[in-house]
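Commentary on secondary and tertiary structure
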Amino acid sequence: MTQVSNIVGEVVPNPAEPPRDCPLCPRLVAYRRENQALYPDYFNGPAPSFGDKDARLLVVGLAPGRKGANRTGRPFTGDYAGTLLYETLIKYGFATGKFEARPDDSLKLVGSAVTNAVRCAPPGNKPETSEENTCRPFLKARLDMFPNLKAIVTLGDVSRRNVLKTLGLKASAGIPGHGSEFQAGPYRIFNSYHCSRLNTNTGRLTTPMFEDLFARVKAYLDEAA
């Protein structure tokens, strides 16, 4: 089945995006069917990556939210996490247009892209380790398709561990926690707390903390240019 990706200028199909009816994870398939029955107007499938095919920056989340990307079909679109993420990307020149939490808004990523380690929405927003392992080849293929990629922002330590495993490194490699920065193969990794409403409402992650990390990413990429 042809999978249409939101990566600008990309030819489809490709190994970096699972098919809309991906059968690989039984629990996620069952949850997808449950959501299809409850919300037939939702996207209800693996949320394809979004952004610029010449991206120098990739932001990696964990998985789509049930009423976020699972509803709209675009990563971090439809719930609060996307508001903070995309407004920050706009502020630091990684995006243009206006984010309106819908896939047909004017938002365009510039030199950046966004994806998830697990492409299907999991129950309770928590994918199982086996599901992370099963979906990892798609993340690896996606990384391989960015010829200019220099920096990766991981949103949360689970995302960080998945990226490291994708690069053939131990999950314990690098430094955990918000604001950590380290080299992993050819990429500079910047780790952030996830920009979820839970983290922002509790003050675990503030807008200045999040923006400071992307300011560092921009400085790194400007120096590497």
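Basis of the calculations
Residues numbered from 1 in each chain as written. Predicted model: local features only at pLDDT ≥ 70, side-chain atom pairs only at ≥ 80, totals over all residues. Heavy atoms only, no water. Helix = DSSP H or I, 4+ residues; strand = E, 2+ residues; numbered from the N terminus. Contact = heavy atoms within 4.5 Å. Polar contact = N/O pair within 3.5 Å; in protein donor to acceptor, adjacent residues only side chain to side chain. Pairing = 2+ DSSP bridges. Axes fitted to C-alpha atoms, helices over the stretch in contact; angles between N-to-C directions. Buried < 20%, exposed > 50% of the residue type's maximum accessible area, 1.4 Å probe, protein only.

Moving on, we get to the environment of R102. For R102, the location among the structural elements is in the loop between β4 (95-96) and β5 (108-109). Linking R102 and D52, residues 50 residues apart in sequence, is a C-alpha distance of 18 Å. With near-sequence residues (within four places) excluded, R102 lies in contact with R74 and T77. Here E100 takes part through its side chain, which lies 2.5 Å from a polar atom of the side chain of R102.

Moving on, we come to the sheet that holds strand β7 (residues 151-155). Read across the open sheet, the seven strands follow the order β1-β2-β6-β3-β7-β9-β8; overall the sheet is mixed. Edge positions in the open sheet fall to β1 (6-8) and β8 (181-184), since each of these has one partner strand only. Pairwise comparison of adjacent strand axes, ignoring direction, gives a mean angle of 20° for this sheet. Seen against the sheet, helix α7 (residues 207-224) touches β3 (57-61), β7, β8 and β9 (187-192) and runs at an angle of roughly 170° to β9.

Turning to helix α5 (residues 157-166), its buried residues are S159, R160, N162, V163, L164 and T166. Considering only its buried residues, α5 is in contact with β3, α4 (129-144), β7, β8 and β9.

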